Amino acid sequence: MKTILYIFFLIAGTTLVGAQAYSGKGDQKFQVGANFQNNASGIVASFDYGLGENISVGATSAYLLGIANGVDNGAQERFDAKARFSAHLGSVIGVDDRFDLYPGLDLGLKNFGFHTGARFFFSEGFGIYTELGFPIASYKTGDLTPAEKLHNQFSVSMGATFNFL
């Protein structure tokens, strides 16, 4: 596994070209990666579409594959989907065109929340990302069971991002 990761980063690092992390209206990004949160981990995919120079809308979905022992769960607790709005700050703060910092809001099946992420493109079509998310307001209130806290707590996602221009 270490060899595969080494080769992956070696190839990605040698393909540095004039990539742009966010190009404004019409920009399309697809991300796929791993999602980590308390008592669970899984896969996540998202898509963003540029509406303007620094604004995008999109959708994200996550499915938890590994859930801790003792957490009563079913398919309903494992799956989450959200609509999202992001503000792309890379050009605003004047960093390298290959880097994008994007805070935003999301409205999902479980809560209304906040996310912030960063992308870095190695080539015109491929990069890596990391994203942090947390709920602002959960639809269920009161004491949540560990299963109800899934997708209703701080989470970290990381993986690959692809440019669809």
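Above: the structure in question.
Below is a summary of the structure that appears in this document. (Residues numbered from 1 in each chain as written. Predicted model: local features only at pLDDT ≥ 70, side-chain atom pairs only at ≥ 80, totals over all residues. Heavy atoms only, no water.)

## Digging into the overall build of the chain
Check the secondary structure of the chain and you find four helices and eight strands. Along the chain, helices and strands appear, N-terminal first, in the series α-β-β-β-α-β-α-β-β-β-α-β. Put simply, the chain has 165 residues, and 40% of those count as buried. For the chain, contacts bridging at least 24 residues in sequence account for 57% of all contacts bridging at least 6. (Helix = DSSP H or I, 4+ residues; strand = E, 2+ residues; numbered from the N terminus. Buried < 20%, exposed > 50% of the residue type's maximum accessible area, 1.4 Å probe, protein only. Contact = heavy atoms within 4.5 Å.)

## Observations regarding the sheet that holds strand β6 (residues 111-121)
Ordered by their spatial adjacency, eight strands build a closed barrel running β1-β2-β3-β4-β5-β6-β7-β8, and the pairing between neighbours is antiparallel. Taken over all neighbouring pairs, the strand axes of this sheet differ in orientation by 25° on average, direction set aside. Pairing of strand β7 (residues 126-138) with strand β8 (residues 155-163), which is carried by eight bridges, proceeds in the antiparallel orientation. Opposite Y129, over in β8, you have G159 as the bridge partner. (Pairing = 2+ DSSP bridges. Axes fitted to C-alpha atoms, helices over the stretch in contact; angles between N-to-C directions.)

## Some points on the packing of aromatic side chains
Evaluation of the coordinates by the stated rule reveals five aromatic pairs. Seen from their ring centres, F30 and F162 are 6.5 Å apart, and the 25° between their planes marks the pair as stacked. Of this pair, F30 sits in strand β1 (residues 28-37) while F162 is found in strand β8, placing the two residues 132 residues apart along the sequence. Residue classification places F30 among the partly exposed residues on the basis of a relative accessible area of 28%. Judged by centre distance (5.4 Å) and plane angle (50°), the ring pair of F114 and F134 falls under tilted. A residue pair is termed long-range when its members are at least 10 positions apart, and F114 in strand β6 and F134 in strand β7 qualify at 20 residues. The rings of F30, F120, F122, F126 and F162 are connected pair by pair, giving a single aromatic cluster. In this arrangement the basic side chain of R119 is found over the ring face of Y102, its NZ or CZ atom lying 4.5 Å from the centre. (Phe/Tyr/Trp six-rings, centres within 6.5 Å; stacked < 30°, edge-to-face > 60°. Lys NZ or Arg CZ within 6 Å of the ring centre and 35° of its normal.)

## Some words on the pairing of β1
Side-chain direction in a regular strand flips from residue to residue, so the side chains alternate between the two faces of the sheet. Strand direction decides the pairing type here: β1 and strand β2 (residues 40-50), joined by 10 bridges, are antiparallel. Across the sheet, F36 pairs through a bridge with S41, a residue of β2. In sequence, β1 turns back onto β2 through a hairpin of two residues, with N39 there showing a positive phi of about 70°. Relative to β8, β1 runs antiparallel, the two sharing nine bridges. Paired with V32 across the two strands is A160, which belongs to β8.

## Details of the pattern of salt bridges
In total, this model carries eight salt bridges according to the counting rule given. With a shortest N-O distance of 3.9 Å, D80 and K82 are connected by a salt bridge. For D100, the salt bridge goes to R119, with nearest N and O atoms at 3.6 Å. One end of the pair, D100, is in strand β5 (residues 99-108); the other, R119, is in strand β6, with 19 residues separating them in the sequence. Accessibility expressed as a relative area gives 1% for D100, which makes it buried. The exposure class of R119 is buried, given its relative accessible area of 1%. Through salt bridges with shared partners, one network takes in D48, R84, D100, R119 and E131. (Salt bridge = Lys/Arg side-chain N within 4 Å of Asp/Glu carboxyl O.)

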